[in-house]
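Architecture at a glance
In case you want the letters, here they are:
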Amino acid sequence: LALTACAPPEGGMSDLDPDAGLGEGQVDAGPDTPRPDAAPNICDSIKLVADALPPRVMILQDLSSSLTANSRWDNMKPAMSQVVDTYDAEFALGLVPFSTTILDGGTNDLDCTVNRSHVIGPAVGNAAAIKSKVYGLDANDLVGGTPTYDGLVAASEQLVDRDPGDGSGRVVILVTDGAPNCLDGTGDSTSDANKERVRATIESFYQSDAITTYVVGYDLSGALQATMDGWADVGGTGTSFAADNTAALIQQMDTIKAALIPCEYTLNDEVVDPAYVSVTIDDGQQSFDSPDGWSLAADKKTITLNGASCDLLRNGDAHDLAVTVECVIQID
C-alpha cells in the first residue's frame, strides 16, 4: 500500500485553539458546520507517520516423524522456503519447530515439550535463519511425536510475553500433518482431551490475546480435517487450509497475506471535523461513518476502514490508500 496523508503545516491549526494560524480572509468551519461546496485549502502532504507495522508471525512447523510419509516433507520444504522468502520483508517472521526429538538429537519425550533453544523470535529479515534451522533438513532427520500444545505455548511466549507494545499484529501459522500426541507427560496420546486442549488454547489466543491462528494441514484425513477446521474456527480464520503441494501452499499464504493487511491507520494529529477528511482507495472516495466506508475513533486520530472498503484493500491486488485532511476555507 502507498499511504499518504495531509496534516496541518507547521504553525497551522491547533487542536486546542481551532482559530490558531488563520490568516486574513480565512475562517474555521468548526466541527458542526456542514462542508461547503467551495473547494477548501489542503494542508501540505506528508507521509503517514503510523505506517502499518509488519505483523509478528510465528510459524509453528511440525517436524514429527509422520511427515516422512507420502513425501509430505519433500513437498513442504520448498513451499515453506518460498513462503519465508516471499514475506521476509513484509512480516516479522518467527519460528517454533516442534517435535519431541528435534534437530540436535536431544529428546523431550519424557515431558512432551518443545526445545526452546531452537525457537526464533519474530523479526523482519529472518528468512535465512528460519530456512537454515529447518527447511534444510532431510526427511530422515524428522523423528518424534507432535507436541502441538507446547508449540503454541512457545509461540505465546514470543507474541505475548515479549510483546513490544507497538500495536503490531499477532499471528500464528500452524503447519502440521497430524494430531497432537503429547498429553500429561506421555508421547503416545492422541486422545480427544489432547485435541481439545489445543483447541482451547487457540481460542484463548484469539479471545484474550488478539492472536489469529491459521492452520495449514498436509495430507489430512476426514476426521483430522474436521479437527483442524475447528481449531481454525476458534482462531478467527474460519477453516484450515489443505496444502498438498507448493502451489497450493503459496496460494493459501497469499490469502493470509491479504487478510493481514491492516484496515486501521493513525494520523499524525487529531481531526477537528471528519467532514474535512477525505479517504480514497485508488482515487475512489470512501464514505464516512458507513458500514462499508470508514469511521473515526474516539481519539480523533485513528481511521478504520469498514466492510467493503476493508475487503477491497485485502482482495490480493495492489491498492493506493490516501487520507487527506483539509484545513481552512478561503473566503474571497
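Everything here concerns the structure above.
Because the structure is a prediction, the values reported are computed rather than measured.

Points about the overall build of the protein chain
When its secondary structure is counted, the protein chain shows 7 helices and 16 strands. Looking at the 332 residues of the protein chain, the share that counts as buried comes to 45%. Sequence-distant contacts in the protein chain: of pairs separated by 6 or more residues, those separated by 24 or more amount to 75%.

Here's the deal with the environment of Leu-137
Checked against the element boundaries, Leu-137 lands in the loop between α2 (127–135) and α3 (148–161). According to the relative accessible area criterion, Leu-137 is buried, its value standing at 14%.

Quick notes on the pattern of salt bridges
Going through the model one piece at a time under the given rule, you end up with 9 salt bridges. The salt bridge involving Asp-177 is made with Arg-72; its shortest N-O contact spans 2.5 Å. Of this pair, Asp-177 sits in the loop between β7 (170–176) and α4 (192–209) while Arg-72 sits in helix α1 (residues 72–86); the two residues are 105 residues apart in sequence, bridging distant segments of the chain. Exposure remark for Asp-177: the relative accessible area of 5% places this residue in the buried category. Note on Arg-72: relative accessible area 13%, which makes it buried. In this structure, Arg-199 and Glu-196 form a salt bridge, with 2.9 Å as the shortest nitrogen-oxygen distance. Here Arg-199 pairs with Glu-196, and both are found in helix α4, just 3 residues apart, close to one helical turn.

Quick word on the sheet that holds strand β5 (residues 92–98)
The 6 strands are arranged β6-β5-β4-β7-β8-β9 in an open sheet whose pairing can be described as mixed. Among the strands making up the open sheet, the edge pair consists of β6 (120–123) and β9 (241–242). Sheet topology note: the strand β8 (residues 211–217)/β9 ladder contains 2 bridges and is parallel. Within β9, the position partnered with Val-216 by the bridge is Phe-241.

Some points on the packing of α3 against α4
Axis angle and axis distance: for two packed helices, these are the angle between their axes and the distance between the axes, and together they describe the pair. Contact geometry of α3 with α4 gives a least axis separation of 9 Å together with a crossing angle of 15°. What the angle tells us is that α3 and α4 run roughly parallel. Considering the relative orientation of α3 and α4, their crossing is left-handed. Residue-level contacts link Thr-148, Tyr-149, Leu-152, Ser-156 and Val-160 of α3 to Arg-197, Val-198, Thr-201, Ile-202, Phe-205 and Asp-209 of α4. Among the residues forming the contact of α3 with α4, the class breakdown is 6 nonpolar, 3 polar and 2 charged.

Some remarks on helix α5 (residues 222–234)
Each full turn of the α-helix corresponds to 3.6 residues, which orients residues three or four apart in the same direction. Its 13 residues place the ends of α5 19 Å apart at the C-alpha level, agreeing with the 18 Å of an ideal helix rising 1.5 Å per residue. Buried within α5 we find Leu-224, Thr-227, Met-228, Trp-231, Ala-232 and Val-234. Tucked inside the fold, the buried residues of α5 contact β7, α4 and β8. Downstream of α5 by a residue or two, Gly-236 has a phi angle that is positive, lying close to 90°.

Let's talk about a negative patch on the surface
Together, Glu-264, Asp-269, Glu-270 and Asp-299 line one region of the surface with negative charge. Here Glu-270 is to be found in the loop between β10 (264–266) and β11 (277–281). The exposure class of Glu-270 is partly exposed, given its relative accessible area of 38%.

What to know about the packing of aromatic side chains
The tally for this structure, following the rule as stated, stands at 4 aromatic pairs. Arranged with centres 6.0 Å apart and planes meeting at 25°, the rings of Trp-73 and Tyr-135 form a pair that is stacked. With Trp-73 in helix α1 and Tyr-135 in helix α2, this residue pair connects regions lying 62 residues apart in the sequence. In terms of burial, Trp-73 and Tyr-135 fall into one category: buried. Relative to Trp-294, the ring of Phe-288 lies with its centre 4.6 Å away and its plane at 50°, an arrangement referred to as tilted. The class of Phe-288 is partly exposed, set by a relative accessible area of 37%.

What to know about unusual backbone geometry
Backbone geometry at Ala-210 places phi at a positive 55°, although glycine is not the residue there. Its relative accessible area of 54% is what places Ala-210 among the exposed residues. One non-glycine residue, Asp-282, lies in the positive phi region at around 55°. Here Asp-282 lies in the loop between β11 and β12 (284–285). Accessibility expressed as a relative area gives 38% for Asp-282, which makes it partly exposed.

Focus: the sheet that holds strand β13 (residues 294–296)
Across a sheet, strands are paired by hydrogen bonds formed along the backbone, either parallel or antiparallel in direction. Spatially, the 3 strands line up as an open sheet ordered β10-β14-β13, and their pairing is antiparallel. Of all the strands in the sheet, just β10 and β13 have a single pairing partner and so form its edges. Looking at each pair of strands side by side, their axes are set apart by 20° on average, direction ignored. Both β10 and strand β14 (residues 302–305) contribute to a ladder of 3 bridges, which runs antiparallel.

Rules and cut-offs
- The numbers attached to residues start from 1 for each chain and follow its sequence in the written order.
- It should be noted that, the model being predicted, local features are given only for residues of pLDDT at least 70 and side-chain atom pairs only at 80 or more, the latter also being counted only at that level, while totals for whole chains, interfaces and linings use all residues.
- Computation of side-chain values: all heavy atoms of the structure, hydrogens and water removed.
- Only DSSP runs of H or I reaching four residues or more are called helices, and only runs of E reaching two or more are called strands; each is numbered from the N terminus.
- Relative accessible area decides the class of each residue, using a 1.4 Å probe on protein chains only: under 20% of the type maximum gives buried, over 50% gives exposed, and in between gives partly exposed.
- Contacts are assigned to residue pairs with any non-hydrogen atoms lying within 4.5 Å of each other.
- Note on definitions: salt bridges are taken to be side-chain nitrogens of Lys or Arg within 4 Å of carboxyl oxygens of Asp or Glu.
- Being paired, for any two strands, means DSSP has found at least two bridges between them.
- A fitted line through C-alpha atoms represents every axis, and for helices the fit uses only the stretch in contact; the resulting angles, taken between N-to-C directions, go from 0 to 180 degrees.
- Any angle that is under 35 degrees is reported as roughly parallel, and any over 145 degrees as roughly antiparallel; angles of 65 to 115 degrees are reported as roughly perpendicular and all others as oblique.
- In this scheme, a crossing is called left-handed if the near helix is turned counterclockwise away from the far one by less than a right angle; it is called right-handed if the turn is clockwise.
- The classification used treats Ala, Val, Leu, Ile, Met, Phe, Trp, Tyr, Cys and Pro as nonpolar, Asp, Glu, Lys and Arg as charged, and all other residues, Gly among them, as polar.
- Helix span, as expected, comes to 1.5 Å for every residue beyond the first.
- Patches were defined on residues exceeding 30% relative accessible area and lacking a salt bridge, with like-charge contacts within 9 Å and nonpolar side-chain contacts (Val, Leu, Ile, Met, Phe, Trp, Tyr) within 5 Å.
- Computed by Shrake-Rupley with a 1.4 Å probe, the accessible areas treat only the displayed protein chains as cover when residues are assessed.
- In this tally, Asp and Glu contribute negative charge and Lys and Arg positive charge; neither His nor the terminal groups of the chain are included.
- By convention, the charge on Lys lies at NZ, on Arg at CZ, on Asp at CG and on Glu at CD.
- Two aromatic rings from Phe, Tyr or Trp, using only the six-membered ring of Trp, form a pair when their centres are within 6.5 Å; if the ring planes differ by under 30 degrees the pair is stacked, by over 60 it is edge-to-face, and anything between is tilted.

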